[in-house]
Amino acid sequence: MSRVQNTLIESVRKVVGWVPERWLPGGTPDPLIGRHGAVGTQLAQLDGPQKVRGAARFAAEVPLEGLCYAALVNSPVTRGRITRLDTAAAEAAPGVLLVLTYRNMPRLGLVPLMGVTNLGAVGNSALPILQDDQIRYNGQVMALVLAETQQQADHAARLIDLSVDTAPALSDFQAAKPEARTPASILVERNEQSAGDAEAALRQAAFSTDATYTTPGHNHAAIELHGVTAHWTGNRLVLHDATQAVAPTAAALAKLFGLRREDVRVLSPFVGGGFGAKGFWDHQVLAVAAARMVDRPVRLMLSREAVFRMVGGRSPTEQRVAIGADAEGRFTALIHTGYSVMPPYSASPEQYTLGTRSLYRAQSYRFGQKHLDLDIVPNTFMRAPGESVGSFAVESAVDELAHAMDIDPVELRLRNEPETHPLTGTPFSQRALATAWRQGADRFGWDARSTMPRARRDGEWLLGMGCAAGNFPYVRMPSGALRIRLTRDGQATLSTSAQDMGMGTATVQTQHAADRLGLPLDAITFEMGDSDLPAAPVAGGSSQTVSIAAAIAAAASKLTVELLRLAGNASPLAGLRAGEVRLAEGGLVCIEDPTRRETYGDILTRAGRDEISVTETGAPPLEIFKYAMLSHSANFCEVRVSDVTGELRVTRLLGVFDVGTILNPRMAVSQLRGGMIMGLGMALSEEVLFDERSGRIMNPGLADYHIPAHLDVPEIDVTWTGIPDPRSPLGARGIGEIGITGVAAAIANAVFNATGKRLRDLPLTLDRLIGAEGA
Amino acid sequence: MTDFLRPATVEDALALMAAGGVVPLAGGTDLYPATQRRALPGLVLDVTGLPGLCGITTGPAGLRIGAATTWTALARATLPPALAALQQAAVEVGGIQIQNAGTIGGNLCNASPAADGVPPLLVLDTEVELVGHRGIRRLPLSQFLTGPRQTARQADELLTALHIPASALSGQSHFRKLGARAYLVISIAMVAVRLDLQAGRISHAALAVGACSATACRLPQVESALTGAPAAEAPALIRDADVAAALSPLDDLRATAAYRSGAAAELLRRSVATLCQPVPA
Ligand SMILES: Cc1cc2nc3c(=O)[nH]c(=O)nc-3n(C[C@H](O)[C@H](O)[C@H](O)COP(=O)(O)OP(=O)(O)OC[C@H]3O[C@@H](n4cnc5c(N)ncnc54)[C@H](O)[C@@H]3O)c2cc1C
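- As recorded by an unreviewed UniProt entry, chain B carries the name FAD binding domain-containing protein and is attributed to Szabonella alba.

- The name recorded for chain A in an unreviewed UniProt entry is Xanthine dehydrogenase family protein molybdopterin-binding subunit, from Szabonella alba.

See the structure below:
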């Protein structure tokens, strides 16, 4: 987050800008783009049958001889010091093997925070884990109890007698604002950026809007709770984990416990939902330490409440968006600033202004975020951190301006589409948001919208339509390694430590590998979720698909070179170089003269080999500095609002996505629709109720923290432009997070169209609709 | 487990309760979440095995509902139209799992201001039956509920049954609940209305509102305004100001006070309108 980082990244950008295109990854488009092969088909998830039969084994289900069970005691106060921690009754309770507190916990260092300057790091919290008597947030672990059964552990945990000397805590968002910090950078971007005098331009603008938007905290609620099974044999550790970061977790544990990296194995073949939550938190460290102390395997699964208290969520935000426009609706000023919570010990800056920076062309800009230090469980990444809540603010503001100017909100957006990145002038690798708008307006029946609010009704129900854009950057992680092992019978096994949180990574990469290697689908085995495999980076930032794709492409190139070497002079391929052949139909084929070809089996047989194996790492993701690479969406929404009670029902949603090549339509629809449902929850009901006096979360469970239930979810239509990105592997960009962006704004805008009431605070509840002033 | 008691007779149950420190447990759907823990603390006495606590019986004096009767059992029973409101409430308490486990007695003893069972029982002039080692006593539901999460039940007493007098079994009733979403939600306001109609006029009206005051309550002033009125004009006779005067709602996270009392009046108008609709031939 430093100034040094800004300088460094800006110089990389500059240098990469000078480098000729063809030298960079993506400079020559991936030859698989546009090929009709296994990629693009509706292959069902390969592990579907296993999951349906209950045969897929999750981290907290692994059976082990001598397994014992852990329960945790969490702090009921926010700040203070433990004055008394009497564990005698717990230790004497039936079945108890160990009570772990700061007194007997092994002394461990801090876990390095993940971040752009330390890509290998995986920590979500830089606070000490059971190392001293200090309480730093409400819910912090005070003790772990280990017993023969889960029930005994839970029972004994209740017998621990804890007294605390309470200290004043920072828990009030508004009160913390005067002390806000201004970080130098937000992820890879310089934080404060401006062009021209945006405030002056705003004052002089023919039309303008300037308002404050707030979003509450959100908590993670993946169906699978965080769970681990930890197992030591001598100095070797095996951790069955539910994680989005298999290899980085193994590396972090090795470092923390002073082990050799090869002596730590993290296994995570299935994860029941990640969304940013399944990172490295205190529970892994506690289970590993406890297992070592009792020399038995340990199972630790968090309760739903503990997930709310010990695994951070999305920060609340307070954002200002101001837009000035000339008489034609061209933006003359665009300002997006605000506050969110990010204590120095957390890793996620909730980058709500980043999406806005590339969304529209304007004559002047001002962007910047401020961080508040509160004593909270470290806030963390949650599906589209930043863009999800940032798009609510900016896309509500655009709607406000459109209404003030009496311009159709789609039209206003089209008038401000940028040609190149608005701040840097960098060309977009591919951007067809305008196409998405037109496609969506047509498909949704946008014509039926009345420009006047409160104009359409059905009895007491007011009807309205709204729209909003969403965007999300393309990210490809550096240094993902992958191995291809090809056997004489024409079977290929691809191996990487990467992680599948349910989205279908193994399925899509099997499709990809079939095309890349010229083999049928059933000749491919894709292995992942094991830190003993070549190390893949964390699955985050919607980056995993393209990161693995780049590694497969790199490994396939290396394989080509090795195969040509093995083929030797007796082969029909003799004398050809790697660039002159392609992998097709189970072997190598000369591009110029396709009659010159040989199968993998024949090459290996002649060379007297059973198999060939190569490991390679994807090229560094320099394309992200040469081009502005982002996905976009055009969201449309229809609502009904009772004019009497304010009850709000979303009746229709449409998302049109411009996200590059769709690798598997069936899974893409599900991924994008899932994101939109999360956006619906954000708009209608999700809200962490935080007691600002005590610093305690008041609704730590699904009975009070309302995620959408089936009956809340309307018909959701999902479609896409389908235009490949010429600069990315397979022409794809990630699609894991874009779905949530823009949805809340589309709903709020539809509510305005229905009722004439502008709600700038989420969630959009019925009393706010009846109470709110008409705009 | 030693801290779980499941007596087979009411006498045994009372003897255990007399020792003190025993918490009755029915469906556990209030008790368990309220502990905020994985296990229930202290001595727990399961009332669902007690004879006479489950089920609905009719007699000359009226109707008796066992305290441990579940919402599902209530919803599925064949009951007079005066209990329609109670049955409509039964299918809106939580989801199916909650309705299968949760009981009407638990709903009353827990005494949440937002308990959906209370308004439908108030319009039925319900009396509760409490049994303790000192004997049996009966009191009107409105006196049983003394405040938010407070009842007239002594620590050593059990709620055994609800009695609905025969006089209150006339007419038809209706229930409406309003929350921040369509289903699976805590009420912001809910109402029950029971009307007797004779020759197109209201001969008797009972109206109750929940979640808008410390305990749910009847609205005598609105009731008398309706009595004698022609059915077609009835909804318009429910005035916001009269409803507001009878309530004392809170501003809280679910809604503002003003929103609540306005919503309650609207829900009453809708329920009255539903009941006053001419029945299609
Ligand atoms: C997800 C969820 C959704 C819910 N939704 C709703 C809703 O929509 N509307 C609503 O009204 N409620 C709702 N509830 C609350 C609850 O389900 C109901 O109040 C239910 O009727 C409680 O009944 P129970 O049998 O489970 O009570 P329990 O939890 O077993 O007991 C509740 C209280 O009553 C006492 N008690 C129980 N029986 C007796 C007895 N016979 N004698 C003396 N004391 C007794 C207990 O000691 C305890 O204090 C919900 C709860 C959950 C968890």
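## Topic: the overall build of chain B
Phase 1: From N to C terminus, chain B includes 11 helices and 14 strands.
Phase 2: Here the C-alpha radius of gyration of chain B, 19 Å, is about what a compact globule of 281 residues would show, namely 19 Å.
Phase 3: Projected onto its principal axes, the C-alpha coordinates of chain B cover approximately 60 × 45 × 30 Å.
Phase 4: When contacts within chain B are restricted to residue pairs at least 6 apart in sequence, those whose partners lie at least 24 apart make up 62%.

## Overview of the site of the ligand
Phase 1: Residues in contact with the ligand amount to 30 residues; listed here are only the nearest, Ala26, Gly27, Gly94, Gly106 and Cys109 of chain B.
Phase 2: The environment around the ligand is built from residues contributed by chains A and B.
Phase 3: Listing elements by their share of the shell around the ligand, those giving two or more residues are β2 (22–25), α2 (31–35), α5 (96–101), α6 (104–110) and β10 (158–165) of chain B.
Phase 4: With 5 residues, α6 of chain B is the largest single contributor of residues to the shell around the ligand.
Phase 5: For the shell around the ligand, the class distribution of residues is 17 nonpolar, 11 polar and 2 charged.

## Some details on the sheet that holds β2 of chain B
All names here are of chain B.
Phase 1: Pairing within the open sheet is parallel, and its 3 strands lie in the order β1-β3-β2. Strands at the two margins of the open sheet, each flanked by one partner only, are β1 (4–5) and β2.
Phase 2: Where helix α1 (residues 10–18) meets the sheet, it contacts β1, β2 and β3 (43–46), and its direction lies at approximately 165° from that of β3.

## Topic: the pairing of strand β16 (residues 331–341) of chain A
Residues and elements named next belong to chain A.
Phase 1: Where burial is concerned, most of β16 is hidden: 10 out of the 11 residues are buried.
Phase 2: Bridge count for strand β15 (residues 317–325) against β16 is 9 bridges, and the pairing is antiparallel. Bridge assignment links Ala325 to a residue of β16, and that residue is Phe331.
Phase 3: Counting the residues that bridge the hairpin from β15 to β16 gives 5 residues, and of these Gly329 lies at a positive phi of roughly 90°.

## A few points about the pairing of β10 of chain B
Residue and element names in this part refer to chain B.
Phase 1: The element β10 is largely enclosed, with a buried count of 6 among its 8 residues.
Phase 2: Relative to β10, strand β5 (residues 62–66) runs antiparallel, the two being bridged by 5 bridges. Bridge pairing in β10 places Leu63 opposite Ile164.
Phase 3: For strand β6 (residues 127–132) and β10, the ladder comprises 5 bridges, and the chain directions are antiparallel. Within β10, the residue paired with Leu130 across the bridge is Leu159.

## Some thoughts on the packing of helix α18 (residues 665–684) of chain A against helix α19 (residues 743–755) of chain A
Residue and element names in this part refer to chain A.
Phase 1: α19 packs onto α18 with a crossing angle of 50° between their chain directions and a minimal axis gap of 8 Å. Put simply, α18 runs oblique to α19. Crossing handedness for the pair α18 and α19: right-handed. Facing α18, whose interface residues are Met676, Gly679, Leu680, Met682 and Ala683, α19 presents Val743, Ala744, Ile747 and Ala748.
Phase 2: Each residue belonging to the contact of α18 with α19 can be placed in one class, and the counts come to 8 nonpolar, 1 polar and no charged.

## Here's the deal with the confidence of the model for chain B
Phase 1: Overall, the predicted model of chain B reaches an average pLDDT of 94, with 97% of residues at or above 70.
Phase 2: Under the prediction, the complex receives an ipTM of 0.83, its pTM being 0.93.

## Digging into helix α15 (residues 544–567) of chain A
Phase 1: Here α15 of chain A contains 24 residues, and its C-alpha end-to-end distance of 34 Å stays within 8% of the 34 Å for a straight helix at 1.5 Å per residue.
Phase 2: Where α15 of chain A ends, the next residue or the one after it, Gly568 of chain A, has phi of about 70°, a positive value.

## A few points about the sheet that holds β5 of chain B
Residue and element names in this part refer to chain B.
Phase 1: One open sheet accounts for 5 strands, arranged β4-β5-β10-β6-β7; its pairing is antiparallel. Only two strands of the sheet have a single neighbouring strand rather than two, namely β4 (56–59) and β7 (135–140). Taking the axes of each pair of neighbouring strands and ignoring which way they run, one obtains an average angle of 25° across the sheet.
Phase 2: In terms of strand pairing, β4 meets β5 through 4 bridges, oriented antiparallel. Considered in β5, the bridge of Thr57 is made with Arg64.

## Focus on the interface of chain B and chain A
Phase 1: Contacts between the two partners involve 16 residues from chain B and, on the opposite side, 19 residues from chain A.
Phase 2: Top element by residues in the side of chain B that touches chain A is helix α11 (residues 257–276) of chain B. It accounts for 3 residues.
Phase 3: Split by residue class, the side of chain B that touches chain A holds 11 nonpolar, 1 polar and 4 charged.

## Some remarks on the domain arrangement of chain B
All names here are of chain B.
Phase 1: When the domains of chain B are assigned, the result is domain 1 (4–45 + 53–167) and domain 2 (172–275).
Phase 2: The gap between the C-alpha centroids of domain 1 and domain 2 is 24 Å.
Phase 3: Across the contact, 23 residues belong to domain 1 and 24 residues belong to domain 2.
Phase 4: Among the secondary structure elements, those contributing two or more residues to the side of domain 1 that touches domain 2 are α4 (84–90), α7 (118–122) and β8 (145–147).
Phase 5: Each residue belonging to the side of domain 1 that touches domain 2 can be placed in one class, and the counts come to 17 nonpolar, 4 polar and 2 charged.

## Some words on the nonpolar core
Phase 1: One finds Ala70, Val145 and Ile747 of chain A to be the most contacted residues of the largest nonpolar core, which totals 318 residues.
Phase 2: No other element matches the 14 residues that α15 of chain A contributes to this core.

## Considering the domain arrangement of chain A
When the parts come together, some accessible area is lost, and that loss is often what is quoted as the size of the interface.
Residues and elements named next belong to chain A.
Phase 1: Along its sequence, chain A is carved into domain 1 (62–168 + 223–273 + 278–310), domain 2 (179–218 + 313–475 + 625–771) and domain 3 (476–620).
Phase 2: In this assembly, 17 residues from domain 2 lie in contact with 17 residues from domain 3.
Phase 3: Of the residues in the side of domain 2 that touches domain 3, the class split is 10 nonpolar, 5 polar and 2 charged.

## A look at the environment of Phe657 of chain A
All names here are of chain A.
Phase 1: Here Phe657 lies in strand β28 (residues 648–658).
Phase 2: For the pair Phe657 and Ala436, spaced 221 residues apart in the sequence, the C-alpha separation amounts to 6.6 Å.
Phase 3: Not counting residues up to four positions away in its chain, the partners in contact with Phe657 are Ser633, Leu672, Trp720 and Ile738.

## Looking at unusual backbone geometry
Residues and elements named next belong to chain A.
Phase 1: The linkage connecting Leu762 with the following residue, Pro763, adopts the cis geometry, with an omega of -5°.
Phase 2: Even without glycine at this site, Leu130 takes up a positive phi of about 55°.
Phase 3: Structurally, Leu130 can be placed in the loop between β3 (96–100) and β4 (134–135).
Phase 4: Residues other than glycine seldom take positive phi values, yet Glu585 does so here, at roughly 45°.

## A closer look at the UniProt feature "domain: Aldehyde oxidase/xanthine dehydrogenase a/b hammerhead" (unreviewed entry) in chain A
Phase 1: In the numbering adopted here, UniProt assigns the feature "domain: Aldehyde oxidase/xanthine dehydrogenase a/b hammerhead" (unreviewed entry) to residues 53–168 of chain A.
Phase 2: Here residues 53–168 of chain A is 12% helix and 29% strand, with 52 Å between the C-alpha atoms at its ends.

Rules of the game
- Residues numbered from 1 in each chain as written.
- Chains lettered and ligands numbered in written order.
- Predicted model: local features only at pLDDT ≥ 70, side-chain atom pairs only at ≥ 80, totals over all residues.
- Helix = DSSP H or I, 4+ residues; strand = E, 2+ residues; numbered from the N terminus.
- Rg over C-alpha atoms; globule rule 2.2 N^0.38 Å.
- Contact = placed C-beta atoms within 7 Å.
- Near = placed C-beta within 6 Å.
- Nonpolar A, V, L, I, M, F, W, Y, C, P; charged D, E, K, R; others polar.
- Pairing = 2+ DSSP bridges.
- Axes fitted to C-alpha atoms, helices over the stretch in contact; angles between N-to-C directions.
- Buried ≥ 20, exposed ≤ 12 C-beta atoms within 10 Å, placed from the backbone.
- Parallel < 35°, antiparallel > 145°, perpendicular 65-115°, else oblique.
- Left-handed = near helix turned anticlockwise from the far one by under 90°.
- pLDDT = per-residue confidence, 0-100.
- Expected span 1.5 Å × (residues − 1).
- Domains from an automatic or database assignment.
- Core = buried A, V, L, I, M, F, W, Y, C linked by C-beta atoms within 7 Å.
- UniProt positions renumbered as here; feature names shortened; annotations may be inferred.

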